[in-house]
Amino acid sequence: MSQARKVGLPLMNLVRFNGVPILKQLHLEEKLLRTSSDNWCIINNGTNSPTVVMGLSGKPSELLDLESVLQDQVPVIKRFTGGGTVIVDPGTIFVTLICNRDAVPGVQPYPRSIMYWSGMLYGEVFKGIDGFHLRENDYVFGNSKFGGNAQSITRERWIHHTSFLWDFKAGNMAYLKLPSRAPEYRLARSHMDFICRMKDYMPRSVFIDKTVNAIGNHFSVKPLDLDVNAVAADVADAKFVHTTRLLMKEELEEALSVSTRELCHQS
Amino acid sequence: MALRMWASSTANAVRLSCASRPPLSPAFSLSRCFSSVLDGLKYATSHEWVKHEGSVATIGITHHAQDHLGEVVFVEVPESGGPVKKGSSFGAVESVKATSDVNSPISGEIVEVNTKLTESPGLINSSPYEEGWMIKVKPSNPSELESLMGPKEYTKFCEEEDAAH
């Protein structure tokens, strides 16, 4: 886009991380959504270790193989946005957009409007790659999902964040049960038949560069250095109460105990 | 005559208005070209409604809001006894992949919470003004109701909001 056209576009702060723990990333995002009045793009190129991340209403007993999760001591986080359960690791690329409600012309602060616009944005990123589209609420190549989305919408702002499966370990998917609520196009496929690796379509650095370029078509992007540890420490700020949290081992054990009892009653 | 009167009062109670199709909508979603707005309620710009009866005000989200949000799958409501502040969030609904704040149009103390929403969050979609109510509040400043929109004003507000996008 020419410099002349970029004049008048809303500002967006761009923050890039490598390997930041997903809990710190989510704490930062929730704080920026609730307490900042700027637009933000956060790109975290991989998180440091495998972690399960559930949506706000997620129930561990329904969504996770709790025995394996507890045995392998996999951390489980409940995030502040909606949507389903993912397992993230160093092969996951996170892209988050936090915007004021009127930042994008034509986008209403409702889930479908934001999702549709995001599909168009990533259409620019994956231009020339056959088969990319937004399908129900996932990014897919053909019939296979490689990007999952979630949102949170407040009175004046919204966040749309995505975990992209640039690569993943098949074994990690075994921590996740088949969800009862799934998109129609999934057709009851197992995780391994449902998802695909983005690395088979695009190099990692090319994806990140193209994403930054695409965002630059809609915003005047300003790279910013942010100390995520300083912000994370500040999460104890009394003015802000975050809802994203790490589930305690006791909670997971209790969930396993309850679901085991229920199974015994049924049999 | 009786039928005509019934039809007339129903038409007054349920206002129909047309909203133009927002340009950035999925192609498969033909415009939901009307919203229902009820007489006797007051409305906030963040699409919550208030019904003030005696010392209690009942609060929920409007038909317009639930229509734009999609199928509600989870509702987060606060505990009874806590305060609410005009314009501030008191709970959230989850629909599709999103959690959306629900804001209180007035300040006061929560006296009752609709616990049915835990098991039946879809009541917000099927019955936003009746069974889908969210909280009941004892208003601390009843004059706050005067700054809210009436049905005609809210209908126009929704039309203008949809047309602007």
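What counts and how
Residues numbered from 1 in each chain as written. Chains lettered and ligands numbered in written order. Predicted model: local features only at pLDDT ≥ 70, side-chain atom pairs only at ≥ 80, totals over all residues. Heavy atoms only, no water. Helix = DSSP H or I, 4+ residues; strand = E, 2+ residues; numbered from the N terminus. Buried < 20%, exposed > 50% of the residue type's maximum accessible area, 1.4 Å probe, protein only. Contact = heavy atoms within 4.5 Å. Areas by Shrake-Rupley, 256 points an atom, 1.4 Å probe, with all protein chains shown as cover. Pairing = 2+ DSSP bridges. UniProt positions renumbered as here; feature names shortened; annotations may be inferred. Polar contact = N/O pair within 3.5 Å; in protein donor to acceptor, adjacent residues only side chain to side chain.

1. Quick notes on the overall build of chain B
Per the secondary structure count, chain B includes five helices and eleven strands. Expressed as a percentage of the 165 residues in chain B, the buried residues total 50%. For chain B, the share of sequence-separated contacts (at least 6 apart) that also reach a separation of at least 24 residues comes to 63%. Of the accessible surface of chain B, which amounts to about 8100 Å², a share of 57% is contributed by carbon and sulfur atoms.

2. Structural notes on the sheet that holds strand 5 (residues 86-88) of chain A
All names here are of chain A. Strand order across the open sheet formed by four strands is 5-3-4-12, with mixed pairing between neighbours. Because the sheet does not close on itself, it has two edges, and the strands there are strand 5 and strand 12 (245-246). Sheet topology note: the strand 3 (residues 51-54)/strand 4 (residues 76-78) ladder contains three bridges and is parallel. Bridge pairing links V52 to V76 in strand 4.

3. Overview of the UniProt feature "modified residue: N6-lipoyllysine" (unreviewed entry) in chain B
With numbering matched to this structure, UniProt assigns "modified residue: N6-lipoyllysine" (unreviewed entry) to K97 of chain B. Looking at the secondary structure, you find K97 of chain B in the loop between strand 8 (89-95) and strand 9 (98-103). Leave out the neighbours within four places in its chain, and K97 of chain B touches G82, G83, G84, M115, N137, D138, N149, A150 and Q151 of chain A.

4. Quick look at the side chain of R189 of chain A
All names here are of chain A. Within the fold, R189 resides in the loop between helix 6 (170-173) and helix 7 (191-194). Within the structure, R189 has its side chain in polar contact with the backbone oxygen of N143 (distance 2.9 Å). Separated by 3.0 Å, the side chain of R189 and the backbone oxygen of Y185 make a polar contact. If we skip the residues at most four places from it in the chain, R189 touches N143, S144, L178 and F194.

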